[in-house]
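Structural features, examined
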Amino acid sequence: MLDPNQPPATLSEMAQRSFVKFSSQRCLGAKLNGEYQFATYGQVAERVKLTASGLLSLGITRGDRVAIISENRPEWAIADLACQMIGAIVVPLFSTLPPPQVQYIMQDSGALAIFVSDNKQKKKIDAIAGEVGDLKTVVAMQEEAASPLPSGEAKVLSFRELEKRGEIHLAQHPDDYEAAWPATQANDVATIIYTSGTTGNPKGAMLTHRNIVSDMEAILASIKELKQQDTFLSFLPLAHVYERTAGYYLPIRLGAPIAYCESLFTVDKNMAEVRPNVMFCVPRLNEAMREKIQGQSKSLPEGKREKFLDALELAKKAGAHAGGIADAPALSLGEKLKYKIYDAMVYSKIREKFGGQLWAFVSGGAPMSPDVGALFLGMGVEILEGYGLTETSPVISVNRPGKVKLGTVGQVLSGVEVKIAEDGEICVRGNTVMKGYWNKPDETREAIDPEGWFHTGDLGSLD
């Protein structure tokens, strides 16, 4: 029996709660025939059940590894959730990886199956299939990619065929699925995410259900403004732990809708179409947006251009003061009056291009220029900068809405311990710290000391 008053213990429990509670609400959305169309939580639940049962029919069970190489799309989430519901371990691969790196990760993880999005990704598996001995099944999300492999014994199925297998398996073994998802334990590994180091082969960070759920619950406790009514726009790769935890599992936990960008090059257009309330992003996106906003001035007549650029400078000044930048002066009375005029005539139109409902970007993955944060804050859209690593599931700290301090990565999440070592290294301890590196006990001991502190390799300070 699921207790709604307690946080979920596993990703499978989390998903099952949302499937039941939000059955008729929008869940996963993608652009089809020129407009965004959403499947409900109930519809996604049915596809997850069929996909999971299809995997069970192939002999994939708790602890087996299943890889996914695909761009963001609803099938990515359905494949992942299907694995979580049967206790399989997901190995996400960036869609940009070349065949040799795909081969290394497939071999190192011992993946028995892989989901591929299209012919481009399928060709990578074609090139390495004979070298990956554990691979038994390839599932193609697009029908046309479900062609036989040139070598090796692995079978190729379309996503539709896998679901049909699941339907047959459910009819023959009606209790298998309902027995599988509650069997997952909090300390079971949910995913192995390979992190690229500066030298040598990438290491697979083992993140448990407890790791990810703990981080997700801590984010929700820290950013209480996140709610079920928010629409999330997803564009960062789902293979990255940041988008996986914050931009995917977290809205599923809330029962909120997720819309997937068509590509990295259509973010602006998709924002206007989806009208998101919140986006998880990296600083480069906001920098590109700033450049685009500033570039608008070039098409304006000289008089309007001067006022537009003056409005941007005033926004940056207002944001710098509001964001706690040292020595940033407050607006004078005259500037405050001018700011109100600019808000109505300039900033509101810029916000409308973001969809008109965006209340925050949540930024991580790299340091953000305080100037960028000040500009957006001054225009009425907060950028909540945070910090984390793959090995910490990932978020360690984040700025809070209404309490942004530019130039910092915010306060530490509840339940996460942080200390600064004598040499300035950031060390982290808590339920969000990974179980270890897959098949690398020596590297695990180097990263996590006997007291449970994970050594990040990053330098930092506490104010």
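In case you missed it, the structure is sitting above this.
Reference entry: report on the structure contained in this document. (Residues numbered from 1 in each chain as written. Predicted model: local features only at pLDDT ≥ 70, side-chain atom pairs only at ≥ 80, totals over all residues. Heavy atoms only, no water.)

1. Re the pairing of strand E1 (residues 26–32)
- Buried residues dominate E1, accounting for 5 of its 7 residues.
- Of the pairings in the sheet, the one linking E1 to strand E2 (residues 35–40) comprises 6 bridges and is antiparallel in character. What sits directly across from Leu32, in E2, is Glu35.
- Where E1 folds back on E2, the antiparallel hairpin that results is connected by 2 residues, among which Asn33 adopts a positive phi of roughly 55°.
- Where E1 lies against strand E11 (residues 258–260), 2 bridges are found, and the strand directions are parallel. (Buried < 20%, exposed > 50% of the residue type's maximum accessible area, 1.4 Å probe, protein only. Helix = DSSP H or I, 4+ residues; strand = E, 2+ residues; numbered from the N terminus. Pairing = 2+ DSSP bridges.)

2. Examining the packing of helix H10 (residues 267–274) against helix H11 (residues 283–295)
- Running from amino to carboxyl end, H10 crosses H11 at an angle of 90°, the nearest separation of the two axes being 12 Å. With respect to H11, the axis of H10 lies roughly perpendicular. Side by side, H10 and H11 meet where Val267, Asp268 and Met271 of the first sit next to Leu285, Met289 and Lys292 of the second.
- A breakdown of the residues in the contact of H10 with H11 according to their chemical character gives 4 nonpolar, no polar and 2 charged. (Axes fitted to C-alpha atoms, helices over the stretch in contact; angles between N-to-C directions. Parallel < 35°, antiparallel > 145°, perpendicular 65-115°, else oblique. Contact = heavy atoms within 4.5 Å. Nonpolar A, V, L, I, M, F, W, Y, C, P; charged D, E, K, R; others polar.)

3. Focus on the packing of aromatic side chains
- In the structure shown here, the tally under the stated rule is 11 aromatic pairs.
- On the basis of an interplanar angle of 90° and a centroid distance of 5.9 Å, the ring pair of Phe361 and Phe376 is categorised as edge-to-face. With a gap of 15 residues between them, Phe361 in strand E13 (residues 360–363) and Phe376 in helix H14 (residues 370–378) connect regions that are remote in the sequence. Judged on exposure class, the residue Phe361 and its partner Phe376 are both buried.
- The structure contains a cluster of three or more aromatic residues connected by ring pairs, namely Trp76, Tyr248 and Tyr249. (Phe/Tyr/Trp six-rings, centres within 6.5 Å; stacked < 30°, edge-to-face > 60°.)

4. Considerations on the nonpolar core
- With 126 residues, the main nonpolar core has Phe115, Leu226 and Phe361 as its most contacted residues.
- For this core, the element with the most residues is helix H3 (residues 74–86), which contributes 9 residues.
- If we ignore the near neighbours within four places in the chain, the residues touching Leu226 are Ile219, Leu220, Phe232, Leu250, Leu254, Val278 and Trp359.
- In this structure, Tyr104, Ala129, Val138 and Trp438 belong to the second largest nonpolar core, which totals 29 residues. (Core = buried A, V, L, I, M, F, W, Y, C linked by side-chain atoms within 4.5 Å.)

5. Thoughts on helix H13 (residues 333–353)
- For H13, with 21 residues, the first-to-last C-alpha span of 29 Å sits near the 30 Å given by 1.5 Å per residue.
- Of all the bends in H13, the largest measures some 50° and sits at Asp343.
- All buried positions along H13 are accounted for by Glu335, Tyr342, Val346, Tyr347 and Ile350.
- Close packing links the buried residues of H13 with H11, helix H12 (302–322) and H14. (Expected span 1.5 Å × (residues − 1). Bend = angle between axes of the 7 residues up to and from the residue.)

6. Describing unusual backbone geometry
- A cis amide bond links Ser393 to the next residue, Pro394, at an omega of -5°.
- Looking at the secondary structure, you find Pro394 in the loop between strand E14 (382–388) and strand E15 (395–398).
- Residue Asp327 is not a glycine yet carries a positive backbone phi of 70°.
- Of note, Asp327 is situated in the loop between H12 and H13.
- Note on Asp327: relative accessible area 79%, which makes it exposed.
- Unlike most non-glycine residues, Asn439 shows phi in positive territory, near 60°.
- Structurally, Asn439 is set in the loop between strand E19 (436–437) and helix H15 (441–447).

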